[in-house]
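Chain by chain, the residues:
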Amino acid sequence: MIFRQFFDHESSTYTYLIAERMGGEALLIDPVKSNVEQYIDSIAEMEMKLVLAVDTHIHADHVTGLGDLRHSTGCASAMGEMSNTECVSIHFKEGDKLKVDNLRLDVLYTPGHTDDSYSFVLPDRVLTGDTLLIRGTGRTDFQNGDPADQYDSLFDKLLRLPDKTLVYPAHDYNGMTVSTIHEEKLFNPRLQVANKQAYVELMSSLQLDNPRLMDVAVPANRNCGQKSAA
């Protein structure tokens, strides 16, 4: 399997390029608009065809590359059915599978950071978007976020994956690139809570500034990063 992790320094975003093999089909998860040419060059270098570009949710800290990738490569674009946007060609839901060649990514609906947050599961790894971070969890104070929903997404879905499952988040602010479900159970301070109410109180007590690009990024991303429908 081809699995490449790109990093956007401005927003601390990870973008993932996934394919079964060189020369085959590829998909991108959480592409950043300013890095589209880098993705296209990498895909061309490995003689792959981009067939799908996906966002885990409507991002508030960067403008998505979905629209630019669709226009440049002809790939399909996708967001979850809860994203309430008409700019994508595919809306997925929990239980669906994202497919490239013989690879299948299982879709999990994992709301809490936002009400349209999804995660994607491969046999040995999970891409958690902003729901589960390395030694953290996504904030829950805007875009219809809800700490109780996030608790359920974490403890009833993600943390029930096998302990050895690799965790690849959509962001990291401390130079961490990968973790495991087992490590996060042991060492993630936000998961060391007695119950849902304790988690809700913890998340509700955070005093965080809004993302710097939020007022620009959210409306742009509802239109796939384009001035007109992608």
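On a predicted model such as this, the values are computed, not experimentally measured, just so you know. (Residues numbered from 1 in each chain as written. Predicted model: local features only at pLDDT ≥ 70, side-chain atom pairs only at ≥ 80, totals over all residues. Heavy atoms only, no water.)

Undergrad: Would you mind showing me how to read the state of the cysteines here?
TA: By definition, a disulfide links the sulfur atoms of two cysteine residues through a covalent bond. This structure, assessed with the given rule, holds one disulfide. Covalent S-S linkage joins Cys-87 and Cys-224, the inter-sulfur distance amounting to 2.0 Å. Of note, the bridge from Cys-87 to Cys-224 carries an S-S torsion of about 80 degrees and is right-handed in sense. Separated by 137 residues along the polypeptide, Cys-87 in the loop between strand E5 (76–80) and strand E6 (90–92) and Cys-224 in the segment after helix H6 (214–221) bring together distant segments of the chain. Unpaired in terms of disulfides, Cys-75 finds its nearest cysteine sulfur in Cys-224, a separation of 10 Å. (Disulfide = S-S within 2.5 Å. Helix = DSSP H or I, 4+ residues; strand = E, 2+ residues; numbered from the N terminus.)

Undergrad: What am I meant to see in the nonpolar core here?
TA: Generally speaking, soluble globular proteins have nonpolar side chains that are buried together. Ranked by internal contacts, the top residues of the largest apolar core, which has 26 residues, are Leu-17, Leu-28, Met-48, Leu-69 and Met-79. For this core, the secondary-structure elements that each account for two or more residues are strand E1 (2–8), strand E2 (13–19), strand E3 (25–29), helix H1 (36–45), strand E4 (49–54), helix H2 (66–73) and H6. Take this core: its biggest share by element is three residues, from H1. For Met-48, the residues in contact, after removing those within four places along its chain, are Ile-2, Leu-17, Ala-19, Arg-21, Met-22, Gly-23, Gly-24, Ala-26 and Ile-43. Grouped together as the second largest cluster of nonpolar side chains are 21 residues, Val-54, Phe-92, Val-107 and Tyr-118 included. (Core = buried A, V, L, I, M, F, W, Y, C linked by side-chain atoms within 4.5 Å. Buried < 20%, exposed > 50% of the residue type's maximum accessible area, 1.4 Å probe, protein only. Contact = heavy atoms within 4.5 Å.)

Undergrad: What exactly am I supposed to notice about the environment of His-9 here?
TA: Note that His-9 resides in the loop between E1 and E2. Given a relative accessible area of 68%, His-9 falls into the exposed group. In the structure, His-9 is positioned 107 residues away from Asp-116 in sequence and 24 Å away in space, judged by C-alpha atoms.

Undergrad: When you look at unusual backbone geometry in this model, what are you seeing that I'm missing?
TA: Glycine aside, residues mostly have negative phi, and peptide bonds are mostly found in the trans state. The backbone of Asn-144 sits at a positive phi, close to 60 degrees, despite the residue not being glycine. Of the residues examined, Asn-144 reaches a relative accessible area of 60% and is grouped as exposed. The phi torsion at Cys-224 lies on the positive side, around 60 degrees, for a residue other than glycine.

Undergrad: Is there a simple way to think about the pairing of strand E13 (residues 166–169) in this case?
TA: Side-chain positions along a regular strand alternate between the two faces of the sheet. In the sheet, strand E10 (residues 125–129) pairs with E13 via four bridges, with the strands oriented parallel. In the sheet register, Val-126 faces E13, and the bridge partner there is Val-167. Of the pairings in the sheet, the one linking E13 to strand E14 (residues 179–180) comprises two bridges and is antiparallel in character. Among the inter-strand pairings, Leu-166 is bridged to a residue of E14, identified as Thr-180. (Pairing = 2+ DSSP bridges.)

Undergrad: Mind showing me how you'd approach the sheet that holds strand E7 (residues 97–100) here?
TA: Spatially, E7-E8-E9-E10-E13-E14 is the arrangement adopted by the six strands of the open sheet, whose pairing is mixed. Since the sheet does not close on itself, it has two edges, and those belong to E7 and E14, each with one partner. Bridging between E7 and strand E8 (residues 103–109) involves four bridges; their strand directions are antiparallel. Paired with Lys-99 across the bridge in E8 is Arg-104.

Undergrad: Could you clarify how one ought to interpret H2 in this entry?
TA: It helps to recall that an α-helix has 3.6 residues per turn; residues three or four apart then point in one direction. Here H2 has its buried residues at Leu-66, Gly-67, Asp-68 and Leu-69. On its buried face, H2 sits against E3, H1, E4 and E5. Directly beyond the C-terminal end of H2, a positive phi value near 80 degrees is found at Gly-74.

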